[in-house]
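Inside the fold
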Amino acid sequence: RKEVEQDPGPFNVPEGATVAFNCTYSNSASQSFFWYRQDCRKEPKLLMSVYSSGNEDGRFTAQLNRASQYISLLIRDSKLSDSATYLCVVPPSGYSTLTFGKGTMLLVSP
Amino acid sequence: EPEVTQTPSHQVTQMGQEVILRCVPISNHLYFYWYRQILGQKVEFLVSFYNNEISEKSEIFDDQFSVERPDGSNFTLKIRSTKLEDSAMYFCASKMRGDQPQHFGDGTRLSIL
């Protein structure tokens with residue numbers, strides 16, 4: 001099983017839609033979880049950190065399910081500017097480097 | 001909000017030449033990183049640096065690569081003899097402590113001719 005797995009998408013949604021991405025991870029000892037977004041040819045930007053069961057920031061909600069080893073990202077009321085690749089990052093416990101997958105591409109259309 | 005800054009934004013270099021990419025991490029951060037991203041591929045870890053020494057490095061980070069923190073603010077990546085396949089975006093990142101997220105600079109696009 002890969003360390004982190006995400007549906008590559010693309011997810012095509014209209015403006016205003018609610019969209020959810022799931023991410024499964026293999027290392028049960030991981031303690032911190034991050035969602036980054038990356039626009040084309042730009043740097044990864046931190047969207048949300050999750051250390052306990054979840055986190056919410058405006059239209060964005062992340063939920064962590066330790067028993068099933070997955071973390072989700074919910075985006076409500078999608079905007080055109082939400083179009084990007086969303087990267088789930090789960091550093092193995094005791095390691096500080098980040099391992100990135102290819103992420104999930106989201107395309108929000110008018 | 002404090003940022004990680006990288007210079008130059010774009011570097012064009014002849015194959016075989018040395019190149020130095022510069023980064024100024026966020027001032028109170030203690031952990032520093034270099035990543036690269038070849039066009040169309042995922043972000044790949046190169047090296048991490050803590051307490052004035054390399055703490056981890058990947059297979060990509062071979063003898064041609066080195067890092068330095070020459071003063072209290074800069075963190076540099078040197079490639080001694082560049083190859084065509086070194087062409088990529090290079091991202092510097094930093095974080096304050098172990099469980100905190102990393103913050104990325106906006107990258108240097110390295111083009112090897």
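First things first, this report covers the structure right here in the doc.

All chains considered together, the criterion is met by two disulfides over all chains. Note that Cys-23 of chain A is cross-linked by a disulfide to Cys-88 of chain A, the S-S spacing being 1.9 Å. For the disulfide bridge between Cys-23 of chain A and Cys-88 of chain A, the dihedral angle about the S-S bond is near -70°, and by the sign convention the bridge is left-handed. Of this pair, Cys-23 of chain A sits in strand 3 (residues 19-25) while Cys-88 of chain A sits in strand 9 (residues 84-89), and the two are 65 residues apart along the sequence. Summarising the burial analysis for this pair, Cys-23 of chain A and Cys-88 of chain A share the class buried. Through a disulfide, Cys-23 of chain B is tied to Cys-92 of chain B; the S-S separation comes to 1.9 Å. Its S-S torsion of approximately -65° makes the covalent link between Cys-23 of chain B and Cys-92 of chain B left-handed. Taken as a pair, Cys-23 of chain B in strand 3 (residues 19-24) and Cys-92 of chain B in strand 9 (residues 88-95) lie far apart in primary sequence, 69 residues in all. For the residue pair Cys-23 of chain B and Cys-92 of chain B, the accessibility class agrees, reading buried in each case.

With that out of the way, let us pick up the sheet that holds strand 4 (residues 33-38) of chain A. Residue and element names in this part refer to chain A. Strand order in the open sheet formed by five strands is 2-10-9-4-5, and the pairing between neighbours is mixed. Single-partner strands in this sheet number two, and they are strand 2 (11-14) and strand 5 (44-50). For this sheet, the mean inter-axis angle between neighbouring strands, taken without regard to orientation, is 25°.

Residues and elements named next belong to chain A. By the definition in use, this model includes five salt bridges over all chains. Across the pair Lys-79 and Asp-77 runs a salt bridge whose closest N-O atoms are separated by 2.9 Å. Among the residues examined, Asp-77 registers a relative accessible area of 37% and is labelled partly exposed.

Before going further, it helps to spend a moment on the pairing of strand 9 of chain A. All names here are of chain A. Counted residue by residue, strand 9 has six buried out of six residues, so it is predominantly covered. Pairing of strand 4 with strand 9 involves five bridges; the strand directions are antiparallel. The residue of strand 9 that forms the bridge with Tyr-36 is Leu-87.

What follows deals with the interface of chain A and chain B. Each partner contributes residues to the interface: chain A has 18 residues there, and chain B has 22 residues. On the surface where chain A and chain B come into contact, there are zero salt bridges. Our enumeration of links across chain A and chain B arrives at two residue pairs in polar contact (both at pLDDT 80 or more). Contributions of two or more residues to the side of chain A that touches chain B are made by strand 4 and strand 5 of chain A. Considering only residue class, the side of chain A that touches chain B consists of eight nonpolar, six polar and four charged.

The next thing to look at is the packing of aromatic side chains. On inspection of all chains with the given rule, the structure shows 18 aromatic pairs over all chains. Aromatic pair Tyr-35 of chain B and Phe-104 of chain B: ring centres 5.3 Å apart, planes at 45°, arrangement tilted. With Tyr-35 of chain B in strand 4 (residues 31-37) and Phe-104 of chain B in strand 10 (residues 103-104), this pair connects stretches of sequence that are 69 residues apart. Taken together, Phe-34, Tyr-36, Tyr-51 and Phe-100 of chain A together with Tyr-33, Tyr-35, Phe-45, Phe-91 and Phe-104 of chain B form an aromatic cluster joined through their ring pairs. Over the ring of Tyr-31 of chain B we find Lys-95 of chain B; its NZ or CZ atom is 5.4 Å from the centre of that ring.

Bringing the pairing of strand 7 (residues 65-68) of chain B into the picture now. Residue and element names in this part refer to chain B. Residues Phe-65 and Val-67 line the buried face of strand 7, whereas the alternating positions Ser-66 and Glu-68 sit on a face that is not buried. Bridge analysis of strand 7 against strand 8 (residues 75-79) gives four bridges, and the strand direction is antiparallel. Paired with Glu-68 across the bridge in strand 8 is Thr-76. Between strand 7 and strand 8, which pair antiparallel and follow one another directly, the connecting turn spans six residues.

The next thing to look at is the nonpolar core. Counting 23 residues, the largest nonpolar core has Phe-21, Trp-35, Ile-71, Ile-75, Tyr-86 and Leu-106 of chain A as its most contacted members. Per-element accounting of this core gives the leading share, four residues, to strand 3 of chain A. Other than its neighbours up to four places away in sequence, Ile-75 of chain A contacts Ala-17, Thr-18, Val-19, Phe-21, Arg-59, Phe-60, Asp-82, Tyr-86 and Leu-106 of chain A. Val-19, Phe-65, Val-67 and Ile-79 of chain B belong to the second-largest nonpolar core, a separate cluster that totals 22 residues.

Calculation notes
- Residues numbered from 1 in each chain as written.
- Chains lettered and ligands numbered in written order.
- Predicted model: local features only at pLDDT ≥ 70, side-chain atom pairs only at ≥ 80, totals over all residues.
- Heavy atoms only, no water.
- Disulfide = S-S within 2.5 Å.
- Helix = DSSP H or I, 4+ residues; strand = E, 2+ residues; numbered from the N terminus.
- Buried < 20%, exposed > 50% of the residue type's maximum accessible area, 1.4 Å probe, protein only.
- Pairing = 2+ DSSP bridges.
- Axes fitted to C-alpha atoms, helices over the stretch in contact; angles between N-to-C directions.
- Salt bridge = Lys/Arg side-chain N within 4 Å of Asp/Glu carboxyl O.
- Contact = heavy atoms within 4.5 Å.
- Polar contact = N/O pair within 3.5 Å; in protein donor to acceptor, adjacent residues only side chain to side chain.
- Nonpolar A, V, L, I, M, F, W, Y, C, P; charged D, E, K, R; others polar.
- Phe/Tyr/Trp six-rings, centres within 6.5 Å; stacked < 30°, edge-to-face > 60°.
- Lys NZ or Arg CZ within 6 Å of the ring centre and 35° of its normal.
- Core = buried A, V, L, I, M, F, W, Y, C linked by side-chain atoms within 4.5 Å.

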